[in-house]
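Listed below are the residues making up each chain.
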Amino acid sequence: MTPVLQTIRKAVFPAAGLGTRFLPATKAQAKEMLPLIDKPIIQYGVEEALASGLDHVVLVTGQGKHAIEDHFNVDVELETLLESRGKTDLLADIRSVPCPASVAAVQQNEPLGLGHAVLVARELVGDEPFVVILSDDVIDANPPAVQQLINVYERLEDPVLAVERVPADQVSSYGVISGEPVPGEDGVYRIRDVVEKPPKEDAPSDLAIIGRYVLTPDIFPILESTPRDTRGEIQLTDGLRRLLAHRPLYACQIDGVRHDTGSKSGFLRATAYFALKRPDLAETFRRYLRTLGVGTDD
Ligand code: UTP
């Protein structure tokens, strides 16, 4: 009998990076808590997980950065205060924060790389497939990006990484895959190799890994024995490359709009993009852009 494919229930959010590109804003808070319009960046990722049917959230946080956990917990004192003052609209705002079935957090004591951050979540994930969401990649997609990956996982039953075609001069900022298209699967590739941040001349393709992964628990022992790189970090890409020796890995091109809010220009673009999609802001914001000499009437 073929084993039944385990349903994916858990989403891991590594959020323990130093966020150096946003210093000093990230001196005492995680970059995942910077607000994109009126929601912290990580809330977009949690909403995507919930919309994809995942209702157990695992946060990997840095030292002393408890605000993320607090954001997804009910603040009884604040709710009572707003209630006593009759501020029902504000109550509705704070109650709109998504409420997963469980939110668990584990601390990565030192930022030893993304691979290490995933490894730190091992106990909370257990022996089941899971999703990793790097919430600084905010993706506007329908179906949600995570759902697109899960759909491929359910058909092919092996780990799936999200990829996007990037301009040649940007490949050196990403993990890049080489692979062959999977017949009958639009935008899906069977991965032959993964290279972390290759120089433009050596990049095997323009398919860059972006911040969404469906992984299986056999990645954990592999990450545990993955050597640190020259910066002393355990890279997830190195672990995935080693996993390739044991099982197939797939890449899925995401149909959607991605913003890298971990960079200043990506953050600004995302702010403009979402402001222009918001019925309560679009018109005034567009009018303001016109006063700056940008934007058109259509
Ligand atoms: P980045 O490569 O964007 O690094 O991490 P960073 O430290 O967050 O930001 P910069 O480059 O210094 O500005 C990608 C993701 O991996 C997480 C980050 O929080 C982010 O979600 N991460 C990275 C960890 O959780 N732990 C680490 O040790 C490294």
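In the block above lies the structure referred to throughout.
These remarks concern the structure in this document. This is a predicted model, so every value here is computed, not measured. (Residues numbered from 1 in each chain as written. Predicted model: local features only at pLDDT ≥ 70, side-chain atom pairs only at ≥ 80, totals over all residues. Heavy atoms only, no water.)

## Let's talk about the side chain of Gln108
For clarity, the cut-off: Only runs of H or I of at least four residues qualify as helices and only runs of E of at least two qualify as strands under DSSP, and these elements are numbered from the N terminus. Whether a residue is buried, partly exposed or exposed follows from its accessible area with a 1.4 Å probe, protein chains only, as a fraction of its type maximum: under 20%, in between, or over 50%, in that order. Residues adjacent in sequence count toward polar contacts only when both atoms are side-chain atoms; beyond that, a polar contact is any pair of N or O atoms within 3.5 Å, and within protein one must be able to donate a hydrogen and the other to accept it. By definition in these notes, contact holds between two residues if any of their heavy atoms fall within 4.5 Å.
In this fold, Gln108 is placed in the loop between strand E5 (102-107) and helix H5 (114-120). The exposure class of Gln108 is buried, given its relative accessible area of 4%. Within the local environment of Gln108, its side chain forms a polar contact with the backbone oxygen of Gly113, the two atoms lying 3.4 Å apart. Excluding residues that lie within four positions of it along the chain, Gln108 makes contacts with Ala16, Val60, Thr61, Gly62, Gln63, Gly113, His116, Ala117 and Val120.

## Section: the site of the ligand
What counts, and what does not: Definition of nearness: a residue and a molecule or strand are near each other if at least one heavy atom of the residue lies within 4 Å of the molecule or strand.
As a structural note, the neighbourhood of the ligand is formed by 18 residues, with Leu18, Thr20, Lys31, Gln108 and Gly113 the closest of them. In the model, an oxygen atom of the ligand is placed 2.9 Å from a nitrogen or oxygen of the Pro14 main chain. Backbone polar atom of Ala16 to an oxygen atom of the ligand: 2.9 Å apart, as the coordinates give it.

## A closer look at the pattern of salt bridges
Definition in use: Only one rule defines a salt bridge in this text: a Lys or Arg side-chain nitrogen within 4 Å of an Asp or Glu carboxyl oxygen.
Summed over all chains, the structure comprises 22 salt bridges. Its salt-bridge partner being Glu47, residue Lys39 comes within 2.9 Å of it at the nearest N-O pair. Where salt bridges share partners, they join Arg9, Lys10 and Glu128 into one cluster.

## Here we look at the packing of aromatic side chains
Applied cut-off: Two aromatic rings, drawn from Phe, Tyr or Trp (for Trp, its six-membered ring), form a pair once their centres lie within 6.5 Å of each other, and the interplanar angle then sorts them: stacked below 30 degrees, edge-to-face above 60, tilted otherwise.
On inspection of all chains with the given rule, the structure shows 4 aromatic pairs. For the ring pair Phe22 and Phe267, a centre distance of 5.5 Å and an interplane angle of 65 degrees mean the geometry is edge-to-face. Taken as a pair, Phe22 in the loop between strand E1 (10-15) and strand E2 (35-36) and Phe267 in helix H10 (residues 264-277) lie far apart in primary sequence, 245 residues in all. Side by side, Phe22 and Phe267 carry an identical accessibility label, which is buried. Here the aromatic rings of Tyr44 and Phe274 are separated by 5.2 Å at their centres, their planes lie at 45 degrees, and the arrangement is tilted. Here Tyr44, found in helix H1 (residues 41-51), pairs with Phe274, found in helix H10; they are 230 residues apart in sequence, far enough to count as distant. Residue Tyr44 is classed as buried on the basis of its relative accessible area of 13%. Through a chain of ring-to-ring contacts, the aromatic side chains of Tyr44, Tyr273 and Phe274 assemble into a single cluster.

## A look at the packing of H10 against helix H11 (residues 282-291)
Let me state the cut-off plainly: Every axis in this analysis is a line fitted to C-alpha atoms, fitted for helices over the stretch in contact. Angles between the N-to-C directions lie between 0 and 180 degrees. Each angle receives one of four descriptions, namely roughly parallel if under 35 degrees, roughly antiparallel if over 145, roughly perpendicular if within 65 to 115, and oblique otherwise. Each crossing is labelled by how the near helix is turned from the far one, with a counterclockwise turn of less than a right angle marking it left-handed and a clockwise turn marking it right-handed. Polar here means any residue outside two lists: the nonpolar Ala, Val, Leu, Ile, Met, Phe, Trp, Tyr, Cys and Pro, and the charged Asp, Glu, Lys and Arg; Gly therefore counts as polar.
Contact geometry of H10 with H11 gives a least axis separation of 7 Å together with a crossing angle of 130 degrees. Relative to H11, the element H10 lies oblique. Crossing hand, H10 versus H11: left-handed. Seen from H10, the contacting residues are Ala272, Ala275 and Leu276; seen from H11, they are Ala282, Phe285, Arg286 and Leu289. Looking at side-chain class alone, the contact of H10 with H11 contains 6 nonpolar, no polar and 1 charged residues.

## Some thoughts on the side chain of Asp137
Tracing the backbone shows Asp137 in strand E7 (residues 137-140). On the basis of relative accessible area, Asp137 is assigned to the buried category, the value being 8%. Among the polar contacts listed, one links the side chain of Asp137 to the backbone nitrogen of Gly211, at a separation of 2.8 Å. Those residues in contact with Asp137 that lie beyond four places of it in its chain are Ile210, Gly211, Arg212, Arg258, His259 and Asp260.

## As for helix H9 (residues 236-243)
Note the following rule: Throughout, the arc means that of the directions going from the helix axis to the C-beta atoms.
Residues of H9 that are buried: Leu236, Thr237, Gly239, Leu240 and Leu243. One face of H9 carries all of its buried residues, which in axial projection span an arc of 160 degrees. Those residues of H9 that are buried are in contact with H5, strand E8 (160-165), strand E10 (188-196), strand E11 (207-215) and helix H8 (219-224).

## Quick notes on the packing of helix H3 (residues 76-84) against helix H4 (residues 88-95)
Here H3 crosses H4 at 155 degrees, and the two axes come no closer than 8 Å. Of the possible angle classes, the one that applies to H3 and H4 is roughly antiparallel. The chirality of how H3 crosses H4 is left-handed. Contacts between H3 and H4 involve Leu78, Glu79, Leu82 and Glu83 from the former and Leu90, Leu91, Ile94 and Arg95 from the latter. Residue composition of the contact of H3 with H4, by class: 5 nonpolar, no polar and 3 charged.

## Some thoughts on the pairing of strand E4 (residues 56-61)
Two faces, one strand: in a regular strand the side chains alternate between the faces of the sheet. Inclusion rule: Strands are treated as partners if at least two bridges between them are detected by DSSP.
With 6 of 6 residues buried, E4 lies mostly within the body of the structure. Here E4 shows a buried face lined by His56, Val58 and Val60 and a second buried face lined by Val57, Leu59 and Thr61. Direction of pairing for E1 relative to E4: parallel, over a ladder of 6 bridges. By the bridge assignment for E4, Ala15 is matched with Thr61. With 6 bridges joining them, E4 and E5 adopt parallel strand pairing. Counted as the bridge partner of Val57 is Val103 from E5.

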